[in-house]
Amino acid sequence: MLARAARGTGALLLRGSVQASGRAPRRASSGLPRNTVVLFVPQQEAWVVERMGRFHRILEPGLNILIPVLDRIRYVQSLKEIVINVPEQSAVTLDNVTLQIDGVLYLRIMDPYKASYGVEDPEYAVTQLAQTTMRSELGKLSLDKVFRERESLNASIVDAINQAADCWGIRCLRYEIKDIHVPPRVKESMQMQVEAERRKRATVLESEGTRESAINVAEGKKQAQILASEAEKAEQINQAAGEASAVLAKAKAKAEAIRILAAALTQHNGDAAASLT
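Notes on the structure in this doc start here. (Residues numbered from 1 in each chain as written. Predicted model: local features only at pLDDT ≥ 70, side-chain atom pairs only at ≥ 80, totals over all residues. Heavy atoms only, no water.)

### A look at unusual backbone geometry
Glycine aside, the phi torsion of most residues is negative, and most peptide linkages are trans.
Link 1 in the chain: Of note in the backbone geometry, Met52 takes a positive phi value of approximately 55 degrees without being a glycine.
Link 2 in the chain: For Met52, a relative accessible area of 66% gives the class exposed.
Link 3 in the chain: Even without being a glycine, Asn96 presents a positive backbone phi close to 60 degrees.
Link 4 in the chain: Along the polypeptide, Asn96 turns up in the loop between β6 (82–92) and β7 (98–109).
Link 5 in the chain: Judged by relative accessible area, which is 67%, Asn96 ranks as exposed. (Buried < 20%, exposed > 50% of the residue type's maximum accessible area, 1.4 Å probe, protein only. Helix = DSSP H or I, 4+ residues; strand = E, 2+ residues; numbered from the N terminus.)

Dropping the structure here:
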């Protein structure tokens, strides 16, 4: 790393600005800028100046003037977002499964002074912190939760890094897990578990289909019996109503005949006609 190779410079340069040809940036190869009295600081860079070995000020982008011999540019900090590949590491989950995990760390220098004097190698320190935090957070989760809660795991790692890196003037923007490598035997067990789960779901669905079919058949029979009994009841009611109507009609006819006969008897010579009859 640049800061470790410079040994004391502590310069944290943007390693992701490598050109398409694969060559490193010019500033990384040429070292720190020299004091030429009149200096032009590029945008998104902060140059830390020491006067007689003591911190003096931080040069802002644009035109700056320094005193020869007394002033010296000690650190050059990039204020752009920096991308760091976190090397693959082994971690043990809560259910004692060893995983191989690597990730990508996105950070930015918020305070050039703290980044220069707060830690020897900020990039190395943050990388090591990300690895230890990852192992610690994975130890709190089981294997199944690791795959389901990757977003919450990333957020926990970012929070832990920001708490420790605040005194270094660095802010972690986000952390992303790239790959999770599971041991072959565990992968086979997971595959068998998935297949068993699928067979279980298929069996459950089949049994539920059979149950629904039986319920539908029983409901159909029940409805048929209800309809048949209602039809028989309606038939009996209709039959009883018909018989009652017939009895009533006969009674009315008989009563009418008696009335007519009684009226005939009250007429002149009715008794004689009745006797004759």
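### Here's the deal with the packing of aromatic side chains
Link 1 in the chain: Under the counting rule described, the total for this entry stands at four aromatic pairs.
Link 2 in the chain: Look at Phe55 and Tyr117: their rings are 6.0 Å apart centre to centre, the planes differ by 80 degrees, and that puts the pair in the edge-to-face class. Here Phe55, found in strand β3 (residues 54–59), pairs with Tyr117, found in helix α3 (residues 112–117); they are 62 residues apart in sequence, far enough to count as distant.
Link 3 in the chain: Its relative accessible area of 33% is what places Phe55 among the partly exposed residues.
Link 4 in the chain: Relative to Tyr117, the ring of Tyr113 lies with its centre 5.1 Å away and its plane at 45 degrees, an arrangement referred to as tilted. Here Tyr113 and its partner Tyr117 are both found in helix α3, four residues apart, which amounts to about one turn of the helix.
Link 5 in the chain: Among the aromatic residues, those joined into a ring-pair cluster are Phe55, Tyr75, Tyr113 and Tyr117.
Link 6 in the chain: Here the guanidinium or amino end of Arg174 rests over the ring plane of Tyr106, the centre of that ring lying 4.2 Å away. (Phe/Tyr/Trp six-rings, centres within 6.5 Å; stacked < 30°, edge-to-face > 60°. Lys NZ or Arg CZ within 6 Å of the ring centre and 35° of its normal.)

### Let's talk about the packing of helix α4 (residues 122–138) against helix α6 (residues 150–165)
Link 1 in the chain: One can describe the packing of α4 onto α6 by two numbers: an axis separation of 9 Å at closest approach and a directional angle of 135 degrees. With respect to α6, the element α4 is oriented oblique. Relative to α6, the crossing made by α4 is right-handed. Residue-level contacts link Val126, Leu129, Ala130, Thr133, Met134, Glu137 and Leu138 of α4 to Leu153, Ser156, Ile157, Ala160, Ile161 and Ala164 of α6.
Link 2 in the chain: When grouped by side-chain class, the residues that make up the contact of α4 with α6 number ten nonpolar, two polar and one charged. (Axes fitted to C-alpha atoms, helices over the stretch in contact; angles between N-to-C directions. Parallel < 35°, antiparallel > 145°, perpendicular 65-115°, else oblique. Left-handed = near helix turned anticlockwise from the far one by under 90°. Contact = heavy atoms within 4.5 Å. Nonpolar A, V, L, I, M, F, W, Y, C, P; charged D, E, K, R; others polar.)

### Considering the sheet that holds β7
Link 1 in the chain: An order of β6-β7-β8 is seen for the three strands of this open sheet, with the pairing classed as antiparallel. Because the sheet does not close on itself, it has two edges, and the strands there are β6 and β8 (170–181). On average, each strand axis in the sheet is inclined to that of its neighbour by 25 degrees, with strand direction left out of account.
Link 2 in the chain: Where α4 meets the sheet, it contacts β6, β7 and β8, and its direction lies at approximately 35 degrees from that of β6.
Link 3 in the chain: Sheet strands in contact with α6 are β7 and β8, and its direction is about 140 degrees off that of β8. (Pairing = 2+ DSSP bridges.)

### With respect to the pattern of salt bridges
Link 1 in the chain: With the rule as written, the count across this model stands at six salt bridges.
Link 2 in the chain: Residue Arg51 is joined to Asp71 by a salt bridge in which the shortest nitrogen-to-oxygen separation is 2.7 Å. Here the residue Arg51 occupies a position in strand β2 (residues 45–51), and Asp71 occupies one in strand β5 (residues 71–78), the gap between them amounting to 20 residues.
Link 3 in the chain: Taking the shortest distance from any N to any O, the salt bridge between Arg211 and Glu212 comes out at 3.9 Å.
Link 4 in the chain: Via salt bridges that share partners, Glu81, Arg108 and Arg174 belong to a single interconnected network. (Salt bridge = Lys/Arg side-chain N within 4 Å of Asp/Glu carboxyl O.)

### Points about α4
Structural remark: α-helix, 3.6 residues per turn; residues separated by three or four positions point the same way.
Link 1 in the chain: Given a rise of 1.5 Å per residue, 17 residues ought to cover 24 Å, and the 24 Å separating the end C-alpha atoms of α4 matches this to within 8%.
Link 2 in the chain: For α4, the tally of buried residues reaches twelve of 17 residues, placing the bulk of the element in the interior.
Link 3 in the chain: Considered for burial, the residues of α4 that qualify are Pro122, Glu123, Ala125, Val126, Thr127, Leu129, Ala130, Gln131, Thr133, Met134, Glu137 and Leu138.
Link 4 in the chain: Its buried side turned inward, α4 meets β6, β7, α3, α5 (143–148), α6 and β8. (Expected span 1.5 Å × (residues − 1).)

### Considerations on the nonpolar core
Link 1 in the chain: In terms of nonpolar packing, the biggest core is built from 33 residues, with Leu99, Leu105, Met134, Ile161, Trp168 and Tyr175 touching the most fellow members.
Link 2 in the chain: Mapped by element, the contributors of at least two residues to this core are β6, β7, α4, α5, α6 and β8.
Link 3 in the chain: Discounting chain neighbours no more than four positions away, the residues touching Met134 are Gln89, Ile101, Leu153, Ile157, Tyr175 and Ile177.
Link 4 in the chain: Counting residues in hydrophobic clusters, the runner-up holds eight residues, among them Leu39, Leu59, Leu66 and Val76. (Core = buried A, V, L, I, M, F, W, Y, C linked by side-chain atoms within 4.5 Å.)

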